[in-house]
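Working through the structure, step by step
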Amino acid sequence: MIRSELIQKIAEENPHLIQRDVDRIVSTIFDEIIDAMSRGERVELRGFGAFSVKRRDARVGRNPRTGESVPVDEKHVPFFKTGKLLRDRLNGEA
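Residues numbered from 1 in each chain as written. Predicted model: local features only at pLDDT ≥ 70, side-chain atom pairs only at ≥ 80, totals over all residues. Heavy atoms only, no water.

Looking at an unreviewed UniProt entry, one finds the protein named Integration host factor subunit beta, with Paracoccus aurantiacus as its source organism. Quoted straight from UniProt, the Sequence similarities (unreviewed entry) entry for the protein says "Belongs to the bacterial histone-like protein family." The heading Function (unreviewed entry) in the UniProt record of the protein holds the text "This protein is one of the two subunits of integration host factor, a specific DNA-binding protein that functions in genetic recombination as well as in transcriptional and translational control." (UniProt positions renumbered as here; feature names shortened; annotations may be inferred.)

Below, the structure written as structure tokens:
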């Protein structure tokens, strides 16, 4: 499912909302998640999962073509851990 499909599905299930409002709501939710993560905060959606940021230490990597050592800077990467309800539904247990 892509963003536009999500917006359309929410609009269909909530006929009292116009699609432009649903788009604004979805955008606000995503923006708040991104803003919180950029501040290093964890975002937890009960039953769905938790978004967090993990730090990858600086290291020495290798250029796969030449085998030459290449320094790789420290970086932060997004991480998602599924919630129990989502995990159970995916495994047919709920």
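Let's shift gears to the pairing of strand β2 (residues 49–56). Relative to β2, strand β1 (residues 43–45) runs antiparallel, the two being bridged by three bridges. Residue pairing across strands places valine 43 opposite phenylalanine 51, the latter belonging to β2. Turn length for the β1-β2 hairpin, with the two strands adjacent in sequence and antiparallel, is three residues, and the turn residue glycine 47 shows positive phi of about 85°. Note that β2 and strand β5 (residues 75–82) share eight bridges and pair antiparallel. Considered in β5, the bridge of serine 52 is made with phenylalanine 79. (Pairing = 2+ DSSP bridges. Helix = DSSP H or I, 4+ residues; strand = E, 2+ residues; numbered from the N terminus.)

So, about the domain arrangement of the protein. Here the domain parsing of the protein yields domain 1 (1–40) and domain 2 (42–93). In this assembly, four residues from domain 1 lie in contact with six residues from domain 2. Of the roughly 430 Å² buried between domain 1 and domain 2 on both sides combined, carbon and sulfur atoms contribute 85%. For the domain 1 face of the interface with domain 2, the top three residues by lost area are Ile33, Met37 and Gly40, together amounting to 90%. (Domains from an automatic or database assignment. Contact = heavy atoms within 4.5 Å. Buried area = accessible area lost by both parts, 1.4 Å probe.)

The subject of this paragraph is the pairing of strand β4 (residues 69–72). Examined bridge by bridge, strand β3 (residues 59–62) and β4 share four bridges and lie antiparallel to one another. Bridge pairing in β4 places arginine 62 opposite serine 69. Joining the antiparallel neighbours β3 and β4 is a turn of six residues, in which glycine 67 adopts a positive phi near 80°.

Further remarks concern helix α2 (residues 19–38). In this model α2 runs 28 Å from its N-terminal to its C-terminal C-alpha over 20 residues, within 8% of the 28 Å that 1.5 Å per residue would give. Looking only at α2, the buried set comprises Val22, Val26, Ser27, Ile33, Ala36 and Met37. Buried-residue contacts for α2 involve α1 (3–13), β1, β2 and β5. (Expected span 1.5 Å × (residues − 1). Buried < 20%, exposed > 50% of the residue type's maximum accessible area, 1.4 Å probe, protein only.)

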